[in-house]
Each structure stands twice: as structure tokens, then as C-alpha cells.
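# Descriptive structure summary
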Amino acid sequence: MNRQIVFCLTAVWAAACLLISPAAARDEITAEQVNTAISRGVAYLEKFQRPEGRWGDTDAEPGGVTALVTLALMNSGRTADSPSVRKALAWLERQPDPERTYASSLMIMVFAQADARRYALTIKKLALSLAARQMRGDDRDKGGWTYKGPGGGSADNSNTQFAVLALHEAERAGVKIPDQTWQLALNYWKQAGMQHPAGGFGYGPGQQETGSMTCAAIASLIMARDRLQAAGARVVDDKVLCCGAEPEGNELDNAIQWLGNHFSVERNPNQPIGNWWLYYLYALERVGRMSGQRFFTTIRQPGRGRLDEPQQHDWYREGCEVLLQSQDPLTHAWVGVGPVEGNAEIGTAFALLFLSKGRRPVVIGKLQHGTLRGPGAADWDHHRRAVQNLVMRVERQWRRDLSWQTIDYTRRGPKDTIQLAAADLLEAPVLFLSGSEALDFNADQRRVLKEYLENGGFLFAEACDGNGCNGAAFDRSFRALMRELFPDSELRKLPPDHAVWYAQEKVEPQHLPQDSEFWLWGLDACCRTSVVYCPRSLSCYWELGHPYRDSAYPAKVRDEIEQVMRIGGNVLAYATSRELKEKLDRPQLAISRAGGRHTRGALVVPKLTHGGGSDDAPAALNNLLTIMERQLQMRVDYDKRLIAPTDPKLYDYPILFLHGRRAFRFSPAERKAIKDYLDRGGFLFADSICGNKEFASSLREELKTIYPDAPFSRIPPSHPLFSDEYHGFSLPSVTLRDPQLRVGDDPLAARLVKTTPLLEGLEIDGRYAVILSPYDISCALEKGASMECKGYIPPDAARIGANVLLFALQQH
């Protein structure tokens, strides 16, 4: 064996043995910790359920505590068929119709979540009764709710928000609530004196603003506006018209900014410590989810004035950290202050509602870019309710709770640099980019967007053009941006057999809007079609397609809306395979350091070039090296190196990585150089991108030409390579995605198979010198595996890759 290769292998392996250890525990909260806390909180509540099915209800709100706890249990993973929930629902059904606002509202929400069809009559009866108790007259109470209805005192913002929440859920369950009810509720929140000049809301007009009541106002305004106000899309004379959004008031923006300036998860802002704290957190979660806010921004603080640098608050992560610290270590309950939250059943229910509802995974993020066109209207968001409608539809189809976010791509730091990184964008698996004006991304924004796509992100874009919009400038700039970011790829019309036309529901082209430009274009970047673009507005039709509201549109328009909604759902299914990360999991970003310092003893793995797509998954290798560094605590060198087989520096590297997704051939000189490298002790780790058979066949043929008497053979599952013998991972079984195996008619129904890892090896002088994975590892490492790829799921791909590198390091 070549002395230089022996020395390199020995040095790196010695460093690896010294450095490999369990990763240092991080203080940052994890999804596993939150899930454990939720499970323990659920167990506490179920332990104290009374034999008849109730919890400790008070005379003031009979049925209210039981409904609140049941709602928390169902959001925490229990179903209507779970014993505790089934008993609680049966007890609630036996109770007389409540006359109190809190109890009525909570019971509506519980029955709607449990089974809207089964409890349809009950929901309707309770909802219409609740709507009838709305305050009328000409005073400031008009449009609000009291504890008990007319004659039950003055209206207040707490009772009113619960009533609005309940009526919102009732309409989702199919109950028609009169427009007048919604209009009166909207007027109530917008009346003079209700909102303070700084943006906050109190318990009623003229009362001190607080965090909990400001949250109540924001959520209520969102629901009422969504129900009433004219959108950017409308139907006139059997034609769809787009981009017609009317300016909205600034009540919401001001309230959200007040919340940012007074942000806290440790107390209810502007209240004594502990006062209605858990109730506030439940309301804060609702605002973050309904508004699509992942962050609240502090621009100025009370008593301190404007900050030099705005502070971003991840409300869910910070709230989880505080709640997990405050959970009782013995009982696993949460107990607040005062007669209400001091009741551990109520306090625990509020905490569970924050933790469970807030953890809903993000499926799409709206990219906020550019500047405002006018009051309340922005080019990036012509159809404000479109993405919300799409996500609600997908929730029903996927049968799971989902969320969406707005990602502010305009945030600036020192020297006008963009503050967001690719890891921030990767919090959303799909970015939705919309507009009509020309894009004006600076160099940092373009770089971050490319890194996002190279690390498994997906861009779903549209030009708001046609049907009253003029998006020609956006179309030109978007196509130019794609050419700049991916010069070796190009936008192409996606053929009818591409998965975006059928991934979830088959799109019927004859029912699409009859416009020659209404088609999908795609750009293949990395391992799949990573960009889908429509030069006409999709969001216009999504905004018209409210999933819980019947429309009186003409049949032709209804057909068009349905097909465009299918496109949206198909793209989300194709981009994610319905596999979404936990909300608290930090995205893993490939690290690339051009010209960085080389650490002595670091693991260096170049890519071997060839003509079959030797860099078609550019982030895969560095993502694997990231696993080696972060999970196995090894020193690694992230410098990107593409090396030709005939390069004299080939012998400087003990391990080479080779992957591709097309057929290729080596030249005679390249074959000679590869043989010399392997004979001298080198190691080659190869992967077939997206399970490409042509690439794998080419590699086998090339090595058969080089070593006619040394064929590839399967490495037995019992080999130490698949164990933790080399300080890696035990791999008795892995999960393989196989596109040829389908469950029923669903093209995404999971095709996931538990199996042993399949690696092929080529032996030279009694050692494995080449290891090939014929099933995809690279796309999974990029988090970009598509439904057409046969390969391992990302966690298993990372473990297999890490074990191969660790095995190679000990080959002397």
C-alpha cells in the first residue's frame, strides 16, 4: 500500500477514535422533550378524570372545565375513540344546554373536533344559541358577548373571543352563521376606544392593554375579516378577476407590533407576574398560528425606546422552554396563579393547548419580498387568504393538523445584508413566491435562496398575471433569476406524466382555465424538480376555494377552482412526500468553506468527476460530513473538491466519493489511474443518485473492465459495517422508499419498506476497496428525495453513509 495513503488513513482514524463520543447535550429544547412533557401532562389529566367522565367543573361554567380538558387531550394526540375522551364526550352530551358563553364555546369546539358529522345537530343548536346571545343595541357592548348574554353584564373581550372562536369552528363544521353576526363582531373590535394608540387591547374599551387581550383581538379580527371582507379574487359575470384586494385597516399590524414590543413568554404582558399567564400562552399560540407568524419582532421596548437592532422571538420555541421548566416534576401538572389557573386541571389544559397546537408542522411558507404598493396591500401577497385556504384543504386530505408561515425576506442587518440564512428558510419545506412586479433580490438574497434549494428546499412560484393582473415583469425577472442560480438547468414545461399532475389528485387539463399560458413549468435542481412555476396566478383560485364555505359560482368556475386547488395540493405532496419535520427540529445545513483553513487530522473526502452527473447532488457530501462532525464529533474539512481520476493529487486522499444519475464511461487513462489508486490502498464510496440504474450499471461495467476477476457482490447484513463496531450506528434494519410498491390508488401512500441495508462491495486483496449503494443516499442527504426515487429515508441514509466512511477509515 502507498505509504502516503497509509499515513493519511492512520492519522485520520486516530483522530477519529479520540474525537468520536456522544454529542454534547445542548440546552436547546427538542421535539422529543416537548412530546414527553405533553404525554406526562395528558397522563396527569386522565388520572384525575371522575368516574362519570367529567373533570372538576365549577358552578359558574358548568361543563366548561370538562370541555377545556377534553379539547386539550384531543389536541395532544387522544382521539374521540380514546377511553378518556369517549367518557368525557358522553358526559358532555348528557348535560343541559349551557347558558354561559365560555362553556357553550368550549363545547362547540370539542364536538367539532371530535366528529363534526356525528355531533352536527348538537353543534348547530349550540352555535345558533350562542349567536343569538350576541349583544345588540346601540352602546359599546353591541357585537360582543357577556358571560351569559343580554342581562348578564357588560360585554368583554375574553368572552367575545371565545364566542368568535366557537362560531368559526361551527362554520368549519358546516353550520351557517349569519353575516350580521360576523359584521357586528368585527364592528365590536373596531369601535372607537377599543384599541389603544400603541396597538394593544384591554379587557374592554378604555381598559389597560394586556398581552392576553391583545391576542384575543388579533385572532378575532383575523377570523371576522376572513369571513366578511372582500378578497383580491372575485367572480364577476362568470369570470374570475384577480389582484383586486382592497386596502385593509392597520389594526392587525399595529396589534401584532404591540405584541412584539411587549413580547414575553414568562408573563402576561402588562399584568402582574403570574396573572392569567397560561391563558395568555394559549392565546399567543392562536395568534402565531392564525397570522402565520413564526417570529414576533421587538422594535422598541417600554421604558427603553427604539432598539438599535430589532429582536426576533421564536414564540413557540421560547414558550416551550419556559413551560417545560415550570412543569411540576412530580405530578407533571402546570399550576398558575389565582382561582382559575390555580386549578391544576385548567392550568395543565392551557399549557397542553399551547404545546400541542403550536407544534403543528409547517408545510409552506409565504415569502415576503419587495415593498408595499399602498396601504395594506403588498405585491408579494395579492391574495392574502390563498395559502391559508390551500393548507386547510390539505389538512383535510392528509388528516393531520398543519400550519403555514410568512417568512420576511426583507429583513436587513448591518451594511444592508440580509439577516435570514438558508437554515431559516428551511423551516418551511416549500416556499411560495408570488408577485406581479420585477423581483429585486440582492446578492445575499440570491445566494441564500440557492443554498435553500441545494439543501432540500422547494420553490413554488407564480406570476400574478392575467385575469386583471399584469405580471409580465415578474415573469421576466423570475426566469432570469433561475438562469442565474442554475445555469446548467432550465425551466421546462412539465409534461402531463410528471408527478405534480397526479401526486395527490389527478388534474384534468380540460377543466383548467382556458389560457395557453396556464401551465406548470419546472426546473430540475439537485435530485428532483425543485422549482415549480406557473406564469399565471394560482393563488387567485385558491382564495376563491374556501374549503369550508359553499359558493354560488357557475359550474365552469367551480371546475377551474377545483383543478387549481388540486395543483396546489399535488405540489405540496410532491415536494414533501407528506413527510414533515418536527417544528422544533433545527434544519441541518450543508457547510461549504471555499479556501478555508485545513485542520490537521481532519477527514477530507473529495468527489471523483465523471460524465454522469458527478455533482448533481451538490450538498449531499457536505451534509454527510455534517453528520460526522455534529453527531459523531469528528473533525472534518468542508472544502469542496472535485478531482479528476488522472489528477496527480488523487493519492493525497484516502477516501473518494463518487455519485451520479446518468450512464458514463472512463477513458483508458482514467481507468489506469483508478486502478493504481485502489491498488495502493485507496477507497471509493459510490452512490446512485435517486437509485439511477444506468449509473450503477456503468460503474459496475467500468470496474469489471479494470478488475475482470473481482465482481461486485452484496455485503452481507451481518458484516460489522452495519454494526456500531467502528463507533457508528447499528443498522439491523432500515427504511427504503420504493416507488414501485404502492398502497391502494394513492401514489404517495407510503411505499416504505423495512429491510436490511443493500450495499455492494468490490474486494481487492481481501479488503473492500469499493462500496456502491444502488439505492439512493445522496438525495436523502439533501432532504430532496422525490416520489420517483428508490432509496433510503434521510435518517437511514445518513447512518449508512457515516458507517461506510468510518469503515473506510480503518482499512489499513
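Further up the page is the structure itself.
Notes on the structure in this doc start here. It should be emphasised that the depicted structure is a prediction, and the values quoted were computed from it without experimental measurement.

Here the focus is the nonpolar core. Among the nonpolar cores identified, the biggest contains 101 residues, and Leu281, Leu284 and Leu323 are the most heavily contacted of them. Among all residues touching Leu281, those that are not within four sequence positions of it are Val265, Leu323 and Phe354. Counting 48 residues, the second-largest nonpolar core is a separate cluster that includes Val363, Trp404, Leu538 and Ala575.

Moving on: the packing of helix α2 (residues 31–47) against helix α12 (residues 315–326). The description of two packed helices rests on the angle between their axes and on the distance between the axes. At a minimum axis separation of 11 Å, α2 and α12 run at an interaxial angle of 50°. As judged from the angle between their axes, α2 and α12 are oblique. Pair α2 / α12 crosses with left-handed handedness. Of the residues in α12, those in contact with Gln33, Val34 and Ala37 of α2 are Tyr316, Cys320 and Leu324. Its residues assigned to classes, the contact of α2 with α12 comprises five nonpolar, one polar and no charged.

Now for the environment of Lys790. Within the fold, Lys790 resides in the loop between α24 (778–781) and β23 (791–792). Look at Lys790 and you get partly exposed, because its relative accessible area is 23%. Distance in space between the C-alpha atoms of Lys790 and Trp380 is 37 Å, their sequence separation being 410 residues. Not counting residues within four places of it along the chain, the set of residues in contact with Lys790 comprises Cys690, Gly691, Leu736, Arg737, Asp738, Pro739, Tyr775 and Asp776.

A few words on the side chain of Asn389. By the element assignment, Asn389 lies in helix α15 (residues 386–398). Among the residues examined, Asn389 registers a relative accessible area of 1% and is labelled buried. Residues within four places of Asn389 in sequence aside, it is in contact with Trp542, Glu543, Gly545, His546, Pro547 and Met565.

What follows concerns the pairing of strand β17 (residues 683–688). Counted residue by residue, β17 has six buried out of six residues, so it is predominantly covered. Residues Phe683, Phe685 and Asp687 line one face of β17 and the alternating positions Leu684, Ala686 and Ser688 line the opposite face, and both faces are buried. The parallel pair strand β16 (residues 655–660) and β17 is bridged by helix α22 (residues 668–679), and the resulting crossover is right-handed.

The seven strands are arranged β8-β5-β9-β10-β13-β12-β11 in an open sheet whose pairing can be described as mixed. The open sheet has two free edges, formed respectively by β8 (403–408) and β11 (492–493), since each of these has just one partner strand. The pairing of strand β5 (residues 362–368) with β8 spans six bridges and is parallel. Its bridge partner lying in β8, Gly365 is registered against Gln405. Running at roughly 125° to strand β10 (residues 458–463), helix α17 (residues 443–454) makes contact with β9 (430–435), β10 and β13 (528–534) of the sheet.

What counts and what doesn't
Residues numbered from 1 in each chain as written. Predicted model: local features only at pLDDT ≥ 70, side-chain atom pairs only at ≥ 80, totals over all residues. Heavy atoms only, no water. Core = buried A, V, L, I, M, F, W, Y, C linked by side-chain atoms within 4.5 Å. Buried < 20%, exposed > 50% of the residue type's maximum accessible area, 1.4 Å probe, protein only. Contact = heavy atoms within 4.5 Å. Axes fitted to C-alpha atoms, helices over the stretch in contact; angles between N-to-C directions. Helix = DSSP H or I, 4+ residues; strand = E, 2+ residues; numbered from the N terminus. Parallel < 35°, antiparallel > 145°, perpendicular 65-115°, else oblique. Left-handed = near helix turned anticlockwise from the far one by under 90°. Nonpolar A, V, L, I, M, F, W, Y, C, P; charged D, E, K, R; others polar. Right-handed = clockwise from strand over helix to strand, strands pointing away. Pairing = 2+ DSSP bridges.

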